[in-house]
Amino acid sequence: MTQLVTANEMQQIDQYTIDVIGMPQDVLIERAAMAVVDVIGAGHFDLNHVLVLAGLGNNGADGVAIARLLYAQGINVSLQFVGNVNRAKDSVKRQLSIIEAYGVVRSEKSDFNEATLIIDAIFGVGLNNDLPEGLQKMIKAANHIEKPVIAVDMPTGIDATTGEVRGAALKAHTTVTFGFKKVGLTKRVGGYLSGDTIVKDVGMLVPEDFEFSLPLSQSATHESEAI
Ligand SMILES: NC(=O)C1=CN([C@@H]2O[C@H](COP(=O)(O)OP(=O)(O)OC[C@H]3O[C@@H](n4cnc5c(N)ncnc54)[C@H](OP(=O)(O)O)[C@@H]3O)[C@@H](O)[C@H]2O)[C@H](O)CC1
Ligand SMILES: [K+]
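As the structure is a computational prediction, the values presented were derived from the model and not from experiment.

The rules behind these values
- Just so you know, the residues in each chain are numbered from 1, in the order the chain's sequence is written.
- The naming scheme follows written order: chains are lettered A onward, ligands numbered 1 onward.
- Given that this is a predicted model, residues contribute local features only at a pLDDT of at least 70 and side-chain atom pairs are listed and counted only at 80 or more, while totals for whole chains, interfaces and linings are drawn from all residues.
- For the side-chain quantities, the full set of heavy atoms in the structure was used; hydrogens and water were omitted.
- UniProt positions are given in the numbering used here, feature names are shortened, and annotations may be inferred rather than shown by experiment.
- Under the DSSP-based scheme used, a helix requires at least four consecutive residues in state H or I and a strand at least two consecutive residues in state E, with every element numbered from the N terminus.
- Partly exposed describes any residue whose relative accessible area lies between the buried limit of under 20% and the exposed limit of over 50%, with all areas from a 1.4 Å probe on protein chains only and scaled to the type maximum.
- Should any heavy atoms of two residues lie within 4.5 Å, those residues are counted as being in contact.
- Pairs were defined over the aromatic rings of Phe, Tyr and Trp, the Trp ring being its six-membered one, requiring ring centres within 6.5 Å. Orientation was assigned from the angle between planes: stacked under 30 degrees, edge-to-face over 60, tilted for the rest.
- Charge-over-ring placement is defined geometrically: NZ (Lys) or CZ (Arg) within 6 Å of the ring centre, and within 35 degrees of the ring normal.
- Only N, O and S atoms count as donors, using a 2.8 Å cut-off from the metal and 3.2 Å for Na, K and Ca, and because water is excluded some sites may appear unfinished.
- To count toward a patch, a residue needs a relative accessible area above 30% and no salt bridge. Like charges then connect within 9 Å, nonpolar side chains (Val, Leu, Ile, Met, Phe, Trp, Tyr) within 5 Å.
- Accessibility throughout is a Shrake-Rupley quantity obtained with a 1.4 Å probe, and a residue counts as covered only by protein chains that appear here.
- Salt bridge criterion: a side-chain nitrogen from Lys or Arg within 4 Å of a carboxyl oxygen from Asp or Glu.

Asks: Explain the UniProt feature "binding site: K(+)" (unreviewed entry) in the protein chain to me, and be specific about the residues and the numbers.
Replies: Sequence positions flagged by UniProt for "binding site: K(+)" (unreviewed entry) are, in local numbering, Asn59, Asp120 and Thr156. The greatest C-alpha distance among the residues just named is 9.7 Å, despite their covering 98 residues of sequence, which places them together in space. Among the structural elements, Asn59 can be located in helix H3 (residues 58-72). In this structure Asn59 comes out as buried when scored by relative accessible area, which is 9%. Residue contacts for Asn59: discarding those within four places in its chain leaves Asp120, Ala121, Ile122, Phe123, Gly124, Val152 and Asp153. Mapped onto the secondary structure, Asp120 falls in strand S4 (residues 117-121). Asp120 has contacts with Leu53, Asn59, Val149, Ile150, Ala151, Val152, Met154, Pro155, Thr156 and Leu170, leaving out every residue within four places of it along the chain.

Asks: Residue-level account of the environment of Asn86, with values.
Replies: Note on placement: Asn86 falls in the loop between strand S3 (77-81) and helix H4 (90-101). For Asn86, a relative accessible area of 62% translates into the label exposed. Along the primary structure Asn86 and Leu56 are separated by 30 residues, whereas in three dimensions their C-alpha atoms are 8.8 Å apart.

Asks: Can you break down the packing of aromatic side chains residue by residue, with the values?
Replies: All told, the structure shown has two aromatic pairs when counted by the stated rule. Look at Phe210 and Phe212: their rings are 5.0 Å apart centre to centre, the planes differ by 70 degrees, and that puts the pair in the edge-to-face class. You can call Phe210 buried: its relative accessible area is 15%. Taken together, the aromatic side chains of Phe180, Phe210 and Phe212 make up a single cluster linked through ring pairs. Over the aromatic face of Tyr102 sits the side chain of Arg68, whose NZ or CZ is 5.9 Å from the ring centroid.

Asks: Pulling in residues and values, what's your account of the coordination of the potassium ion (ligand 2)?
Replies: Put simply, a metal with four donors set out as a tetrahedron has ideal angles of 109.5 degrees, and one with six donors set out as an octahedron has ideal angles of 90 or 180 degrees. Here the potassium ion (ligand 2) is held by Asn59 (OD1), Asp120 (O), Phe123 (O), Val152 (O) and Met154 (O), and the distances to it run 2.6 to 2.9 Å. One chain supplies every donor for the potassium ion (ligand 2), spaced along it as N-x60-D-x2-F-x28-V-x1-M. With a gap of 93 residues between them, Asn59 in helix H3 and Val152 in strand S5 (residues 149-152) connect regions that are remote in the sequence.

Asks: How would you explain a nonpolar patch on the surface if you had to name every residue and give the values?
Replies: A surface patch of nonpolar side chains, about 260 Å² in accessible area, is lined by Val20, Ile21 and Leu205. You can see Val20 is positioned in helix H1 (residues 7-20). For Val20, a relative accessible area of 56% gives the class exposed.

Structure representation (structure tokens):
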């Protein structure tokens with residue numbers, strides 16, 4: 001049985017863990033990154049050239065941390081920032097300054113054809129509108145060349161609550177989602193584009209009086225124990 005959550009419920013649990021429990025956000029980001037790197041290293045993907053696409057919010061921060069962990073393991077990884085880095089959240093800027101110290105150079109424009117695996121860390125549960133036109137074009141082109149994609153928390157472009165596509169959405173072979181399975185991964189196009197869904201515990205705590213709005217689900221998912 002799987003507890004499904006809406007985007008808003010996930011954000012409430014996220015914030016409670018950080019603001020009330022006192023779990024530093026960068027610890028959650030690191031554990032999320034480690035959870036994805038576990039899946040990347042599980043032997044099902046060609047790691048000859050991993051391309052990480054990182055956005056300007058915390059999903060992007062997860063992506064930059066993933067790129068750093070892969071680089072530290074000697075994996076050939078390139079990092080492409082998607083969006084205006086000046087508008088990036090502080091969590092992303094912290095990760096970018098750390099990864100520069102590791103010697104990872106951000107690539108301006110990557111050739112998807114060279115990648116053997118794409119890590120989608122552009123948008124997660126914070127998606128709140130249709131994607132910008134330019135990004136929609138990039139995603140449609142990426143879907144066209146059918147490279148394996150691992151989505152971080154949500155496939156970019158899928159609404160975490162409704163499962164609808166917000167203009168375009170990156171088709172994932174596997175989605176590694178944190179804390180709880182977002183209901184948008186089981187509904188409409190979200191259920192199809194997310195591929196195999198793996199739920200990873202990254203140390204979040206749920207308030208004792210929290211009332212989930214959704215019933216437990218029988219939906220097929222790989223529940224993996226806490227990392
Ligand atoms: N739950 C956990 O254990 C953890 C969650 N983390 C990761 O954090 C993301 C959620 O991060 P958040 O910053 O809230 O949102 P996103 O990264 O998904 O989106 C980034 C920001 O982009 C803006 N936005 C939203 N939609 C659009 C759009 N269509 N076009 C352009 N920009 C858009 C929005 O900013 P606003 O200022 O507009 O609100 C978003 O904030 C979660 O998915 C996890 O991956 C933790 O980092 C790790 C643990
Ligand atoms: K994503």
